[in-house]
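Structure assessment
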Amino acid sequence: MTPFFVLLSRDIRLAVRAGGGAALALAFFACVVTLVPLGVGADLKLLARIAGGVLWVAAVLAALLSLDRLFQADYEDGSLDLIALSPLSLETTALAKIAAHWLATGLPLTVLSALLAVLFDLSSTGTAALVISLLIGTPAVSAIGGVGAALTLSIRRGGLILPLIVLPLLAPAVIFGSGAVLAAEDGLANGAFLFLAAFSLLSVALSPFAAAASVRLNLAT
Amino acid sequence: MSIFELANPKRFMEVSGLVLPWIAAAAALALVVGLILGFRVPPDYQQGETIRIMFLHVPAATTAMMAYGVMAVASAIGLINRHPLADVAAKTAAPLGAVFTALGLITGSLWGKPMWGAWWVWDGRLTSFLLLLLLYLGYIALGSAIEDETRSARACAILAIIGAVNLPIIYFSVTWWTTLHQANSIFAGKIAPVFLWPLFLMMGGYTLLFFSLWLVRIRTEILNRRARSVMLSRAVG
């Protein structure tokens, strides 16, 4: 197995275990999605309109939960230094960790959203659009979140700053992701999927470099 | 004299000390004259007297964007050339830029209520400008959370450069999306000259104000660092 897949499978295994945060993200997602109708009222027509936005925001917040430990856990016990010394470049390491986060957290969130959309009385076209938009968009969440995690890896309470850094950068994903659901519901042509895909591809392509640069500067001292 | 000679703190203190009073005076002059002209401008045929908010709102918004651009460039120089002074320049620009952004948002909101009937709308320009404020706040938070100076500066530099993608989004938002906000009209030549000159004076005044405050902050930070190293060397004995 190439080093990339070794690192990828290690990170996935760590994430899905008890302290890893993958299951926590799913539970958090479900809790937030349950809370919103309680706050907004039981009007099903209203809930169907806001379903795309609410599920997208909840998915982003749930994915953010486990992001701050992405690099920090390895930094604290010294494994990040060892990984940095390995023949695997830091850029590939960052990509492996981001991919692991998406596979362990982003993808399950996408699958769960199809079930939770029922709580909002979202139509089947809307639900299909939601699942596809999350499928396309959650890699961007993991990628940009990974850059934020690398920037904050040496901060003690970095988990509090991470959302402040990452959420403004994720605004396009939320805008186009929920926009795609609304457009599908209204039967309009859906350029939002294309924008979302472009945003995702761009962030997945560029984030390993930014994340690696951040890891390097934090390991340098 | 190349700009990189200013990277020497001593040289920077000399040059900025000479230049600062002039920039500050020019800023004051531009602002005063701009405000006077702004009050004497005739009311707009469509917007009436509220057009005068433009002379406060547009310069604040352009200065906020310029400040971010300056911060991103200083960050890049700090990352590539490893000039500590560039790092200081970037970090000190952030709170100033954040305040100008907040001013732009507040004055815009005050203008929007009489004109559009709403304190806020979620169109492209307002949303991306609000995101600019959040980017500034994230930058400031990251900078103050990391204790080591060099690491803090480098991390902030990476964040600033990533966030710089928002600047063209703000600028082109009015052409890309349908919006209530005024389309780009300065370079498109769509403003009457009687409004254009006070606007340019205020924009110049705000920019000079930013630069004078920025120079003061950089000089203060340099003095701070000198004081700290003196204290440290005294403590070590």
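Residues numbered from 1 in each chain as written. Chains lettered and ligands numbered in written order. Predicted model: local features only at pLDDT ≥ 70, side-chain atom pairs only at ≥ 80, totals over all residues.

1. Structural notes on the overall build of chain B
Within chain B, the secondary structure is distributed over seven helices and zero strands. Mapped in sequence order, the helices and strands of chain B form the string α-α-α-α-α-α-α. C-alpha atoms of chain B, sized along the principal axes, occupy 70 × 35 × 30 Å. When the 237 residues of chain B are sorted by exposure, 36% land in the buried category. Taking the contacts inside chain B whose residues are at least 6 apart along the sequence as the reference set, 78% of them involve residues at least 24 apart. (Helix = DSSP H or I, 4+ residues; strand = E, 2+ residues; numbered from the N terminus. Buried ≥ 20, exposed ≤ 12 C-beta atoms within 10 Å, placed from the backbone. Contact = placed C-beta atoms within 7 Å.)

2. Brief notes about the overall build of chain A
Helix and strand content of chain A: nine helices and zero strands. Going residue by residue from the N terminus, the α and β elements of chain A occur as α-α-α-α-α-α-α-α-α. By the compact-globule yardstick of 17 Å for 221 residues, chain A fits well, its C-alpha radius of gyration being 18 Å. Viewed in the frame of its principal axes, chain A has a C-alpha envelope of about 55 × 35 × 30 Å. Classification of the 221 residues of chain A by burial places 52% in the buried group. Residue pairs in contact within chain A that sit at least 24 positions apart in sequence constitute 82% of those at least 6 positions apart. (Rg over C-alpha atoms; globule rule 2.2 N^0.38 Å.)

3. Thoughts on the packing of helix α3 (residues 84-116) of chain B against helix α7 (residues 193-236) of chain B
All names here are of chain B. With their axes 9 Å apart at the nearest point, α3 and α7 run at an angle of 140 degrees to one another. Taken together, the axis directions place α3 and α7 in an arrangement best described as oblique. Relative to α7, the crossing made by α3 is right-handed. Residues Val-88, Ala-89, Thr-92, Ala-93, Leu-96 and Phe-100 of α3 touch α7, and the partners they reach there are Phe-210, Leu-213, Trp-214, Arg-217, Ile-218, Glu-221 and Ile-222. Within the contact of α3 with α7, the residues separate by chemical class into ten nonpolar, one polar and two charged. (Axes fitted to C-alpha atoms, helices over the stretch in contact; angles between N-to-C directions. Parallel < 35°, antiparallel > 145°, perpendicular 65-115°, else oblique. Left-handed = near helix turned anticlockwise from the far one by under 90°. Nonpolar A, V, L, I, M, F, W, Y, C, P; charged D, E, K, R; others polar.)

4. Here we look at the interface of chain A and chain B
Chain A puts 17 residues into the contact, and the matching count from chain B is 16 residues. Sorting the residues of the side of chain A that touches chain B by element identifies α7 (124-151), α8 (158-186) and α9 (192-219) of chain A as the ones contributing at least two each. At six residues, α8 of chain A tops the list of elements feeding residues into the side of chain A that touches chain B. Residue composition of the side of chain A that touches chain B, grouped by class: twelve nonpolar, five polar and no charged.

5. Concerning helix α4 (residues 124-145) of chain B
In a regular helix each residue adds 1.5 Å, so 22 residues correspond to 32 Å; α4 of chain B covers 31 Å between its end C-alpha atoms and thus fits that length. Within the sequence span of α4 of chain B, burial applies to Arg-125, Leu-126, Ser-128, Phe-129, Leu-131, Leu-132, Leu-135, Tyr-136, Gly-138, Tyr-139, Leu-142 and Gly-143 of chain B. (Expected span 1.5 Å × (residues − 1).)

6. Examining the packing of helix α2 (residues 54-81) of chain B against α7 of chain B
All names here are of chain B. Across the interface, α2 lies against α7 with an axial gap of 9 Å and an inter-helix angle of 45 degrees. The angle between α2 and α7 falls in the class oblique. Here α2 and α7 pass one another in a crossing that is right-handed. Here Met-54, Phe-55, Val-58, Pro-59, Ala-60, Thr-62, Thr-63, Met-66 and Ala-67 of α2 lie close against α7, whose contacting residues are Pro-198, Leu-199, Met-202, Met-203, Tyr-206, Thr-207 and Phe-210. Residue composition of the contact of α2 with α7, by class: 13 nonpolar, three polar and no charged.

7. Observations regarding the nonpolar core
Residues Leu-55 and Ala-59 of chain A together with Leu-159 of chain B are the most contacted members of the largest nonpolar core, which totals 132 residues. In terms of residue count, the dominant contributor to this core is α2 of chain B (15 residues). Those residues in contact with Ala-59 of chain A, other than ones at most four positions away along the chain, are Phe-29, Leu-109, Ser-113, Leu-134 and Thr-138 of chain A. (Core = buried A, V, L, I, M, F, W, Y, C linked by C-beta atoms within 7 Å.)

8. Details of the environment of Leu-46 of chain A
Residues and elements named next belong to chain A. Mapped onto the elements, Leu-46 comes out in helix α3 (residues 44-65). Owing to 14 C-beta atoms within 10 Å, Leu-46 belongs among the partly exposed residues under this scheme. C-alpha separation for the pair Leu-46 and Thr-138, spaced 92 residues apart in sequence, amounts to 25 Å. Among all residues touching Leu-46, those that are not within four sequence positions of it are Val-40 and Gly-41.

9. What about the environment of Gly-106 of chain A?
Residue and element names in this part refer to chain A. Relative to the elements of secondary structure, Gly-106 occurs in helix α6 (residues 90-116). The sequence separation of Gly-106 and Thr-138 amounts to 32 residues, and the corresponding C-alpha distance is 5.5 Å. Beyond its immediate sequence surroundings of up to four residues, Gly-106 is in contact with Ala-63, His-101, Thr-138, Pro-139, Val-141 and Ser-142.

10. As for unusual backbone geometry
Positioned with a positive phi, Asp-121 of chain A is a non-glycine residue whose angle comes to about 55 degrees. Mapped onto the secondary structure, Asp-121 of chain A falls in the loop between α6 and α7. With phi around 60 degrees, Arg-82 of chain B is a residue other than glycine that occupies positive phi space. Following the sequence through the fold, Arg-82 of chain B ends up in the loop between α2 and α3. For Arg-82 of chain B, a count of 13 C-beta atoms within 10 Å translates into the label partly exposed.

11. Comments concerning the environment of Gly-78 of chain A
Examined against the element boundaries, Gly-78 of chain A turns out to sit in the loop between α4 (69-77) and α5 (79-85). Each C-alpha atom, one on Gly-78 of chain A and one on Pro-208 of chain A, is 21 Å from the other, the two residues being 130 residues apart in sequence.

12. Topic: α4 of chain A
Every buried residue belonging to α4 of chain A is among Arg-69, Leu-70, Phe-71, Gln-72, Asp-74 and Tyr-75 of chain A, and all of these are buried. Trailing α4 of chain A by a residue or two, Gly-78 of chain A shows a phi angle of about 90 degrees, which is positive.

13. Some points on the confidence of the model for chain B
Residues and elements named next belong to chain B. On average, chain B scores 90 in pLDDT, and the residues at 70 or more come to 97%. Per-element confidence in chain B is highest for α2, whose mean pLDDT is 95, and lowest for helix α6 (residues 166-176), whose mean pLDDT is 89. Among the prediction metrics, the complex's ipTM stands at 0.89, with pTM recorded as 0.91. (pLDDT = per-residue confidence, 0-100.)

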